[in-house]
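Secondary and tertiary structure notes
Listed below, chain by chain, are the residues.
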Amino acid sequence: MRRAVARLTDADLARLEAAQDDVERAAAAGDVPAMAAANRVFHMTLFDCAGMPRLARLIRTLWDSTDAYRSMYYGEAGNRERVIKEHRATLDALRRRSADDAVATLDVHRGHAVAALAPCLAPDPPVRAG
């Protein structure tokens, strides 16, 4: 991420903002597949900005293996709203070219998703009543 921030251009920021607009439109519509796709564009654009194509390919492979979980996370309105706020904070850090703030916001972003999904990923997930 630090390398991506150092190499970030205005055109990159424009692509990130366009992806974020798509994230927000999909979230407002409750369109989980569209939100997942736009979210992927947002994050992959960031990874590509680092100029490390082998690492970006590895990240894409790992990302693909977790898409189902990401879609579960977006299924809840509160999580969709949180993603929007966290992406906006990340964009703010990127506009200021603050690598430290971008890393911090993305750490929080990832942490929220992991915490929300941890019960689903436990070896013996809790049984829901109903």
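The preceding data block contains the structure.
In what follows, the accompanying structure is described. These numbers were taken from a predicted model, which means no experiment stands behind them.

All right, on to the overall build of the chain then. A tally of helices and strands in the chain yields seven helices and zero strands. Ordering the α and β elements of the chain from the N terminus gives α-α-α-α-α-α-α. Here the chain has a C-alpha radius of gyration of 15 Å; the compact-globule value for 130 residues is 14 Å, and the two agree. Its C-alpha atoms give the chain principal-axis dimensions of about 50 × 30 × 25 Å.

Once that is clear, we can look at the pattern of salt bridges. What the rule picks out here adds up to twelve salt bridges. As a salt-bridge pair, Arg25 and Asp22 come within 2.3 Å of each other at their nearest N and O atoms. Here the residue Arg25 and the residue Asp22 both occupy positions in helix 2 (residues 10-29), the gap between them amounting to three residues, near one helical turn. The class for Asp22 is partly exposed, based on a relative accessible area of 37%. One salt bridge connects Arg60 with Asp48, and the closest N-O pair in it is separated by 2.8 Å.

Moving on, we get to helix 7 (residues 99-121). Helix length check: helix 7, at 23 residues, gives a terminal C-alpha distance of 31 Å against a target of 33 Å (1.5 Å per residue), a fit within 8%. Along helix 7, the largest kink reaches about 30° and is centred on Ala115; proline Pro119 follows within four residues of it. The complete set of buried residues in helix 7 reads Ala99, Ala102, Thr105, Leu106, His109, Ala113 and Leu117. At its buried positions, helix 7 is contacted by helix 1 (2-7), helix 3 (32-49), helix 5 (67-74) and helix 6 (77-95).

Time to look at the nonpolar core. Counting residues in hydrophobic clusters, the biggest one holds 16 residues, and the most contacted among them are Leu8, Leu16, Phe42, Leu46 and Leu94. Of all the elements in the fold, those that place two or more residues in this core are helix 1, helix 2, helix 3, helix 6 and helix 7. For Leu46, the contacting residues outside a window of four places in its chain are Met1, Ala4, Leu16, Thr90, Leu94 and Leu106. One finds Met35, Ala38, Tyr74 and Ala113 within the second-largest nonpolar core, a separate group that totals 13 residues.

You can see Thr90 is positioned in helix 6. Note on Thr90: relative accessible area 0%, which makes it buried. Those residues in contact with Thr90, other than ones at most four positions away along the chain, are Phe42, Leu46, Thr105 and Leu106.

Per the counting criterion, the structure on display carries two aromatic pairs. Between the aromatic rings of Phe47 and Trp63, the centroid separation amounts to 6.5 Å while the plane-to-plane angle is 75°, which identifies the pairing as edge-to-face. Here Phe47, found in helix 3, pairs with Trp63, found in helix 4 (residues 53-64); they are 16 residues apart in sequence, far enough to count as distant. With a centroid separation of 6.1 Å and 50° between ring planes, the pair formed by Tyr73 and Tyr74 is classed as tilted. Classification of Tyr73 as buried rests on a relative accessible area of 3%.

Moving on, we get to the packing of helix 2 against helix 3. The contact between helix 2 and helix 3 brings their axes to 8 Å, and the two run at 160°. Between helix 2 and helix 3, the angle falls in the class roughly antiparallel. Taken as a pair, helix 2 and helix 3 cross one another with a handedness that is left-handed. Residues Asp12, Arg15, Leu16, Ala19, Gln20, Asp22, Val23, Ala26 and Ala27 of helix 2 form the contact with helix 3, whose participating residues are Ala34, Met35, Ala38, Asn39, Val41, Phe42, Thr45, Leu46 and Cys49.

Procedures and definitions
Residues numbered from 1 in each chain as written. Predicted model: local features only at pLDDT ≥ 70, side-chain atom pairs only at ≥ 80, totals over all residues. Heavy atoms only, no water. Helix = DSSP H or I, 4+ residues; strand = E, 2+ residues; numbered from the N terminus. Rg over C-alpha atoms; globule rule 2.2 N^0.38 Å. Salt bridge = Lys/Arg side-chain N within 4 Å of Asp/Glu carboxyl O. Buried < 20%, exposed > 50% of the residue type's maximum accessible area, 1.4 Å probe, protein only. Expected span 1.5 Å × (residues − 1). Bend = angle between axes of the 7 residues up to and from the residue. Contact = heavy atoms within 4.5 Å. Core = buried A, V, L, I, M, F, W, Y, C linked by side-chain atoms within 4.5 Å. Phe/Tyr/Trp six-rings, centres within 6.5 Å; stacked < 30°, edge-to-face > 60°. Axes fitted to C-alpha atoms, helices over the stretch in contact; angles between N-to-C directions. Parallel < 35°, antiparallel > 145°, perpendicular 65-115°, else oblique. Left-handed = near helix turned anticlockwise from the far one by under 90°.

Geometry only, nothing functional implied.
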